[in-house]
Amino acid sequence: MSDPQITLYRLQACPFCERVVRTLNELDVEYRSRYVEPMHSERNVVKRVSGARSVPAIVDRETGVTMSESANIVEYLKGTYGDAATDGGRAVDAEGGA
């Protein structure tokens, strides 16, 4: 099996990160979590990929999108992988309609 297309940069026990995790799980989108340094000034890996040190941040290899801010990420995920998406991801198969 190949690597998940989405990488989520997050912190342990971060409510904003958990909001994104819930959305990914609800949409049945595979992702990889990368836990980052708790100290804001040491989050260099996040800064390299997103241009900022804030989390959550995602990188979607399939669409080329990189973003941060949980509300923006949730909106993007629902629009791209949710039921309303015309070219949806794995969530379409999760419905099981036949």
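Residues numbered from 1 in each chain as written. Predicted model: local features only at pLDDT ≥ 70, side-chain atom pairs only at ≥ 80, totals over all residues. Heavy atoms only, no water.

An unreviewed UniProt entry annotates the chain as Glutaredoxin originating from Halorubrum xinjiangense.

Peer 1: Looking at this structure, how should I read the nonpolar core?
Peer 2: One broad rule of soluble globular proteins: the nonpolar side chains tend to lie buried together. Membership of the largest hydrophobic core comes to 13 residues, with the highest contact counts inside it found for Ile6, Val20, Leu24, Ile58, Leu77 and Tyr81. Among the secondary structure elements, those contributing two or more residues to this core are β1 (6–10), α1 (15–26) and α3 (70–81). If one sorts the elements of this core by residue count, α3 sits on top with 5 residues. Once residues within four sequence positions are removed from consideration, Ile6 is found in contact with Leu24, Val29, Glu30, Tyr31, Arg32, Ile58, Val59, Asp60, Leu77 and Tyr81. Tyr9, Leu11, Val46 and Val59 belong to the second-largest nonpolar core, a separate cluster that totals 9 residues. (Core = buried A, V, L, I, M, F, W, Y, C linked by side-chain atoms within 4.5 Å. Buried < 20%, exposed > 50% of the residue type's maximum accessible area, 1.4 Å probe, protein only. Helix = DSSP H or I, 4+ residues; strand = E, 2+ residues; numbered from the N terminus. Contact = heavy atoms within 4.5 Å.)

Peer 1: Before we go on, may I ask you to explain the sheet that holds strand β2 (residues 31–35) in this structure?
Peer 2: By way of backbone hydrogen bonds, the strands of a sheet pair with one another, either parallel or antiparallel. As summarised here, the arrangement of the 4 strands in space is β2-β1-β3-β4, forming an open sheet in which the pairing is mixed. Of all strands in the sheet, those bounded by a partner on one side alone are β2 and β4 (65–68). Pairwise comparison of adjacent strand axes, ignoring direction, gives a mean angle of 15° for this sheet. Pairing analysis gives 5 bridges linking β1 to β2, with the strands arranged parallel. Its bridge partner lying in β2, Leu8 is registered against Ser33. α3 contacts β1, β3 (57–60) and β4 of the sheet and is inclined by roughly 145° relative to β4. (Pairing = 2+ DSSP bridges. Axes fitted to C-alpha atoms, helices over the stretch in contact; angles between N-to-C directions.)

Peer 1: Just to check I follow, could you spell out the side chain of Arg10 for this structure?
Peer 2: Its location among the elements puts Arg10 in strand β1. Within polar-contact distance, the side chain of Arg10 engages the side chain of Glu18 at 2.7 Å. Discounting chain neighbours no more than four positions away, the residues touching Arg10 are Cys17, Glu18, Val21, Ser33, Arg34, Tyr35, Val36 and Val55. (Polar contact = N/O pair within 3.5 Å; in protein donor to acceptor, adjacent residues only side chain to side chain.)

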